[in-house]
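Structural overview
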Amino acid sequence: MPALLVMDELVAGALPMKLYAASGEWSMRLMTLALLPGPLAEFFGRTPLLRLWLKIRRNLGVTAFLYAALHLLIYVLDMGQLHAIFDELTLPAIWTGWLALFALLIPAAISFDAAMRALQWRWQLLQYLVYPACLLALIHCLLLGWNAASTLVYIIPISAAWALRALARSGIHLRRVRS
Amino acid sequence: MIRRHAFVRLLTAAALALVVAPAYADGDIQCGSGPQQDWQPMKALQKKAWLERWEVVEMKIEGDCYEVYARTESGQSIEAFFHPDTLEKLVVFRRGQEIYRAEGFEG
């Protein structure tokens with residue numbers, strides 16, 4: 001839905017420059033939401049909510065990639081000329097964005113069951129590329145002048161989920177309390 | 001069960017925070033200008049940009065500065081801050097990197 005709004009504004013002739021933040025942020029939000037249920041389920045057990053969340057995790061992740069691709073499309077439309085895009089490639093704020101997109105492209109491209117079966121244990125390893133993608137995307141935002149505080153929205157939940165995962169792995173669980 | 005309710009509430013709050021958190025662009029440049037009625041009109045700024053041979057994408061007021069998004073002759077995407085009283089070019093960014101700063105300007 002937010003993608004449709006962004007596209008609609010784009011078609012309506014909005015400045016592509018204005019749509020960077022919206023598309024990029026949605027990608028970050030969805031990436032964060034996709035990264036949370038795994039570690040949380042290790043700590044809280046498979047509660048109904050987490051089971052549902054895990055079920056839609058793949059959709060969240062793939063949609064995060066689609067938003068990143070939309071973000072790139074907006075960038076290309078904004079820049080207009082290929083030489084201008086190449087000219088910027090060496091700027092840290094720009095190449096971190098490209099690298100984040102490629103890091104996200106790989107897990108997104110293998111997000112279907114057959115790839116999962118074919119790649120076996122390597123599949124899980126490749127899915128972990130979402131973490132460097134997320135980190136690079138955050139650096140990309142910060143270099144483009146984002147307030148550091150606004151990145152905490154992504155950093156805090158992910159770190160908290162990992163802290164809980166660490167607790168769970170050291171033997172401390174919060175199992176469902178049955179009434 | 002109480003714990004689970006608290007957990008769900010926490011998740012809802014976190015999800016809400018994810019959605020409403022705004023992205024702050026670099027709006028922390030301070031030009032040190034006076035009251036707005038003393039500012040020069042934006043039209044004059046347009047001329048300044050034209051003299052720089054920029055293709056203006058957008059002009060706006062940012063804090064106590066005039067801000068211009070533009071493309072240079074060589075196609076670089078830039079963001080420039082001007083003093084609204086004097087229309088002096090104070091600082092120019094290219095993709096978050098400072099590429100120009102007026103001598104003595106520290107805002």
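Right, let's walk through the structure included here. On a predicted model such as this, the values are computed, not experimentally measured, just so you know.

Moving on, we come to the side chain of Arg95 of chain B. Tracing the sequence through the fold places Arg95 of chain B in the loop between strand S4 (89-94) and strand S5 (97-101). In terms of polar contacts, Arg95 of chain B uses its side chain to reach the side chain of Glu88 of chain A, at 2.9 Å. Those residues in contact with Arg95 of chain B, other than ones at most four positions away along the chain, are Tyr20, Tyr75, Asp78, Met79, Glu88, Leu91, Ala93, Ile94, Leu143 and Leu144 of chain A together with Ser77 of chain B.

Aromatic ring pairs are described here by two measures, namely the spacing of the ring centres and the angle between the planes. This structure, assessed with the given rule, holds ten aromatic pairs over all chains. Geometrically, the ring pair formed by Tyr131 of chain A and Trp162 of chain A is edge-to-face, given 5.5 Å between the ring centres and 85° between the ring planes. Remark: Trp162 of chain A occurs in helix H11 (residues 148-169) and Tyr131 of chain A occurs in helix H10 (residues 130-143); sequence separation between them is 31 residues. A relative accessible area of 23% places Tyr131 of chain A in the partly exposed class. Residue class for Trp162 of chain A comes out partly exposed when judged on its relative accessible area of 32%. Taken together, the ring pairs in this structure connect Tyr20, Tyr75, Trp98 and Phe102 of chain A into an aromatic cluster. Of note, Arg165 of chain A hangs over the ring of Trp162 of chain A, and the distance from its end group to the ring centre comes to 4.7 Å. Taking the ring centre of Tyr100 of chain B as reference, the NZ or CZ of Lys89 of chain B above it sits at 4.3 Å.

In this section: the state of the cysteines. If you walk through the whole model with that rule in mind, you get one disulfide over all chains. Here Cys31 of chain B connects covalently by a disulfide to Cys65 of chain B, the sulfurs 2.0 Å from one another. Between Cys31 of chain B and Cys65 of chain B, the S-S dihedral sits near 110°, and the bridge is therefore right-handed. Highlighted residues: Cys31 of chain B in the loop between helix H1 (2-20) and helix H2 (42-51) and Cys65 of chain B in strand S2 (residues 65-71), separated in sequence by 34 residues. There is no split in this pair, since Cys31 of chain B and Cys65 of chain B are both buried. Distance from the sulfur of Cys134 of chain A, which forms no disulfide, to the nearest cysteine sulfur (Cys141 of chain A) is 9.2 Å. Classification of Cys141 of chain A as buried rests on a relative accessible area of 7%.

Attention now goes to the pattern of salt bridges. As enumerated under the stated definition, the model contains eleven salt bridges over all chains in all. Across the pair Glu42 of chain A and Arg169 of chain A runs a salt bridge whose closest N-O atoms are separated by 3.0 Å. Within this pair, whereas Glu42 of chain A is found in helix H3 (residues 37-44), its partner Arg169 of chain A is found in helix H11, the two being separated by 127 residues in sequence. Taking relative accessible area as the criterion, Glu42 of chain A reaches 25% and is therefore assigned partly exposed. Residue Arg94 of chain B is joined to Asp87 of chain A by a salt bridge in which the shortest nitrogen-to-oxygen separation is 3.3 Å. Note that Arg94 of chain B is positioned in strand S4 and Asp87 of chain A in helix H6 (residues 82-88), a pairing that runs across two chains. The class of Asp87 of chain A is partly exposed, set by a relative accessible area of 37%. If you follow the salt bridges from partner to partner, you end up with Glu42, Arg165 and Arg169 of chain A in one network.

Residue and element names in this part refer to chain B. Among the secondary structure elements, Ile78 is positioned in strand S3 (residues 77-82). Judged by relative accessible area, Ile78 falls into the buried class, the value being 3%. Along the backbone, Ile78 and Gln97 are 19 residues apart, and their C-alpha atoms lie at a distance of 9.4 Å. Setting aside chain neighbours within four positions, we find Ile78 in contact with Trp54, Val68, Tyr69, Ala70, Thr72, Val92, Phe93, Arg94 and Ile99.

The subject of this paragraph is the sheet that holds S3 of chain B. Residues and elements named next belong to chain B. Strand order in the open sheet made by the five strands is S1-S2-S3-S4-S5, with antiparallel pairing throughout. For this open sheet the edge positions go to strand S1 (55-62) and S5, each flanked by a neighbour on one side alone. For this sheet the average axis-to-axis angle between neighbouring strands, irrespective of direction, equals 20°.

Let us look at the layout of surface pockets. Its volume calculated, the largest pocket comes out at about 1100 Å³. As for the largest pocket, its lining consists of 43 residues, and the residues nearest its centre are Tyr20, Ala21, His71, Leu144 and Trp146 of chain A. Contributions of two or more residues to the lining of the largest pocket are made by helix H2 (16-35), helix H5 (57-79), helix H7 (92-109) and H10 of chain A together with S1, S2, S3 and S4 of chain B. The dominant element in the lining of the largest pocket, judged by the number of residues it contributes, is H2 of chain A, at eight residues. In terms of residue class, the lining of the largest pocket is made up of 25 nonpolar, eight polar and ten charged. Space inside the second largest pocket adds up to approximately 680 Å³. As for the second largest pocket, its lining consists of 29 residues, and the residues nearest its centre are Ala34, Arg57, Trp123, Gln124 and Gln127 of chain A. Those elements giving two or more residues to the lining of the second largest pocket turn out to be H2, H3, helix H4 (48-55), H5, H7, helix H9 (121-127), H10 and H11 of chain A. Here the lining of the second largest pocket takes five residues from H5 of chain A, the largest share from any one element. In terms of residue class, the lining of the second largest pocket is built from 16 nonpolar, five polar and eight charged.

What counts and what doesn't
Position numbers for residues start from 1 in each chain and track the written sequence from start to end. The lettering of chains begins at A and the numbering of ligands begins at 1, in the order of writing. For a predicted model such as this one, the threshold for reporting local features is a pLDDT of at least 70, and the threshold for listing and counting side-chain atom pairs is 80 or more; totals across whole chains, interfaces and linings nevertheless cover every residue. Derived side-chain values reflect all non-hydrogen atoms in the structure, with water molecules and hydrogen atoms excluded from consideration. Strands are runs of DSSP state E lasting at least 2 residues, helices are runs of H or I lasting at least 4, and numbering of each runs from the N terminus. Here a polar contact is taken to be a pair of N or O atoms separated by no more than 3.5 Å, where protein atoms must pair a possible hydrogen donor with a possible acceptor and residues adjacent in sequence count only if both atoms sit in side chains. In what follows, residue pairs with any heavy atoms lying within 4.5 Å of each other are defined as contacts. Two aromatic rings, drawn from Phe, Tyr or Trp (for Trp, its six-membered ring), form a pair once their centres lie within 6.5 Å of each other, and the interplanar angle then sorts them: stacked below 30 degrees, edge-to-face above 60, tilted otherwise. Summary of the burial criterion: residues with accessible area below 20% of their type's maximum are buried, those above 50% are exposed, and those between are partly exposed, where the area comes from a 1.4 Å probe applied to protein chains only. We call a charge positioned over a ring when the NZ of a Lys or the CZ of an Arg lies within 6 Å of the ring centre and within 35 degrees of the ring normal. Sulfur atoms of two cysteines make up a disulfide when they are within 2.5 Å. The term salt bridge refers to a side-chain nitrogen of Lys or Arg lying within 4 Å of a carboxyl oxygen of Asp or Glu. For two strands to count as paired, DSSP must find a minimum of two bridges between them. To get an axis, a line is fitted to the C-alpha atoms, and for a helix only the part in contact is used. The angle between two axes follows their N-to-C directions and goes from 0 to 180 degrees. Two kinds of site are reported from a 1 Å grid over the protein atoms alone, namely cavities, where a 1.4 Å probe fits but cannot get out, and pockets, open sets with protein on both sides within 12 Å along at least five of seven lines, and residues are called lining when an atom falls within 4 Å of a point. Grid points are joined across faces, edges and corners, and a volume is the space filled by probe spheres set on the points. Each residue receives one of three labels: charged for Asp, Glu, Lys and Arg, nonpolar for Ala, Val, Leu, Ile, Met, Phe, Trp, Tyr, Cys and Pro, and polar for the others, Gly being one of them.

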